[in-house]
Amino acid sequence: MNLHVCALALLLFGSIATVRGRAVDLVDDSNDVDNSIEAEEEKPRNRAFEADWLKFTKTPPTKLQQADGATIEIVCEMMGSQVPSIQWVVGHLPRSELDDLDSNQVAEEAPSAIVRVRSSHIIDHVLSEARTYTCVGRTGSKTIYASTVVHPPRSSRLTPEKTYPGAQKPRIIYTEKTHLDLMGSNIQLPCRVHARPRAEVTWLNNENKEIVQGHRHRVLPNGDLLISEIKWEDMGNYKCIARNVVGKDTADTFVYPVLNEED
């Protein structure tokens, strides 16, 4: 199947899919107003696509109100060519600085990939003042971003900020919803977790069986799943499970190997 056709199909699916949100205290979580910004694109380099592309599939809300004792999770999703990276910037930065921001994610060499990635930022402490949190996405020469202003509880304004005490159940904060790439490619599926105490990460394969370390499947120390030389039979849903003494969280990634048109 042509990669461009796959990209259109996945974008259409992402736009009509129902996304189950997490419970947070909202002032305005409507996406009717698109608060995303696209930086000017640089001259495209030699890749599988004529130009790098990157689109939001879920923009974060423009405003949130923190309630007393509440943990807030701000969610951001996007889809693009290669393997897009997402990072969060705390505080207000001018557009020029956001455009030039160095990514703290290691870019993967995957010129033929199409990936839908999800990232969330956890606020597990009491804010003393309104603060801006910006989701910055990047792939190749393309950069997009959207910001959320979080307002503190009215009772905590002008008081010192403090982290909530005690253990916290795992929350998977960085994962891929879909990963499409050519057969024979090596792919790395992220599963990054926010938890206290630290969570144990395991993966289930496309047959819903726990993955055992082997020459083609390896769970890395950071929780990511590495699949070497993907084959047609690798297609399907992979589930990351993060557990600690308080609870667990799960995230699914659909892997779609594509036949190389040159084969």
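Summary of the structure given here. Note that the coordinates shown come from a computational prediction; the quantities given were computed from them, not determined experimentally. (Residues numbered from 1 in each chain as written. Predicted model: local features only at pLDDT ≥ 70, side-chain atom pairs only at ≥ 80, totals over all residues. Heavy atoms only, no water.)

## Considerations on the pairing of strand β8 (residues 131-139)
Here is the rule: We call a residue buried when its accessible area falls under 20% of the maximum for its residue type, exposed when it is over 50%, and partly exposed in between, using a 1.4 Å probe and counting protein chains only. A run of DSSP states H or I qualifies as a helix once it reaches four residues; a run of E qualifies as a strand once it reaches two. Both are numbered from the N-terminal end. If DSSP finds at least two bridges between two strands, the strands pair.
Within β8, 9 of the 9 residues are buried, which leaves the element mostly enclosed by the surrounding structure. The alternating pattern of β8 places Arg131, Tyr133, Cys135, Gly137 and Thr139 and Thr132, Thr134, Val136 and Arg138 on opposite faces, both of which are buried. In this structure, strand β6 (residues 85-90) lies alongside β8, joined through 6 bridges in antiparallel fashion. Each residue of the ladder has a partner; that of Gln87, found in β8, is Val136. Where β8 and strand β9 (residues 142-151) come together, 9 bridges link them in antiparallel fashion. Looking at the pairing, Thr139 lines up with Lys142 of β9. Hairpin connection of β8 to β9: 2 residues between the antiparallel strands, including Gly140 at a positive phi of 55°.

## Comments concerning the sheet that holds strand β14 (residues 217-219)
To keep it simple, the criterion reads: Every angle, taken between N-to-C directions, lies between 0 and 180 degrees, and every axis is a line fitted to C-alpha atoms, over only the stretch in contact when it is a helix.
The strand order across the open sheet formed by 3 strands is β11-β15-β14, and the pairing between neighbours is antiparallel. Edge positions in the sheet fall to β11 (187-189) and β14, since each of these pairs with one other strand and no more. Each adjacent strand pair in this sheet contributes to an overall mean axis angle of 20°, direction not counted. Where β11 and strand β15 (residues 225-227) come together, 3 bridges link them in antiparallel fashion. Following the sheet pairing, Leu189 is matched in β15 by Leu225.

## So, the packing of aromatic side chains
Put simply, the rule reads: Two aromatic rings, drawn from Phe, Tyr or Trp (for Trp, its six-membered ring), form a pair once their centres lie within 6.5 Å of each other, and the interplanar angle then sorts them: stacked below 30 degrees, edge-to-face above 60, tilted otherwise.
Within the structure shown, the criterion is met by 1 aromatic pair. Plain terms: the ring middles of Trp232 and Tyr256 are 6.2 Å apart, the flat faces sit at 85° to each other, and that makes the pair edge-to-face. Placement of Trp232 in the loop between β15 and β16 (236-243) and of Tyr256 in strand β17 (residues 248-258) is noted, with a sequence separation of 24 residues between them.

## Looking at the pairing of β9
Among the 10 residues that make up β9, 7 are buried, leaving the element largely enclosed by the rest of the structure. Pairing of strand β4 (residues 63-65) with β9 involves 3 bridges; the strand directions are parallel. When the bridges of β9 are listed, Leu64 appears paired with Val150.

## With respect to the side chain of Arg131
Operational definition: In this analysis, two residues are considered to be in contact whenever any of their non-hydrogen atoms come within 4.5 Å of each other.
Of note, Arg131 is situated in strand β8. Those residues within four positions of Arg131 in sequence are excluded, and the remaining contacts are Val90, Gly91, His125, Thr148, Val149, Val150 and Glu161.

## Things to note about the environment of Ala51
Residue position: Ala51 is located in the loop between β2 (36-38) and β3 (54-58). Taking C-alpha positions, Ala51 is 8.6 Å from Ser141, a pair spaced 90 residues apart along the chain.

## Focus on the environment of Asn208
Within the secondary structure layout, Asn208 lies in the loop between β13 (200-204) and β14. Of the residues examined, Asn208 reaches a relative accessible area of 56% and is grouped as exposed. The sequence separation of Asn208 and Lys239 amounts to 31 residues, and the corresponding C-alpha distance is 7.9 Å.

## Observations regarding unusual backbone geometry
The amide bond that connects Arg196 to the next residue, Pro197, takes the cis arrangement and shows omega of 0°. Relative to the helices and strands, Pro197 is located in the loop between β12 (191-196) and β13. Unlike most non-glycine residues, Asn208 shows phi in positive territory, near 65°.

## What about the state of the cysteines?
So the rule is basically this: Disulfides are defined as cysteine sulfur pairs within 2.5 Å.
Taken as a whole and judged by the stated rule, the model has 2 disulfides. With its sulfur 2.0 Å from that of its partner, Cys76 forms a disulfide with Cys135. The chirality of the disulfide connecting Cys76 with Cys135 is left-handed, given an S-S dihedral of about -70°. With a gap of 59 residues between them, Cys76 in strand β5 (residues 72-81) and Cys135 in strand β8 connect regions that are remote in the sequence. Each sulfur in the disulfide pair Cys191 and Cys240 lies 1.8 Å from the other.

Read these as layout, nothing more, since geometry by itself doesn't imply function.
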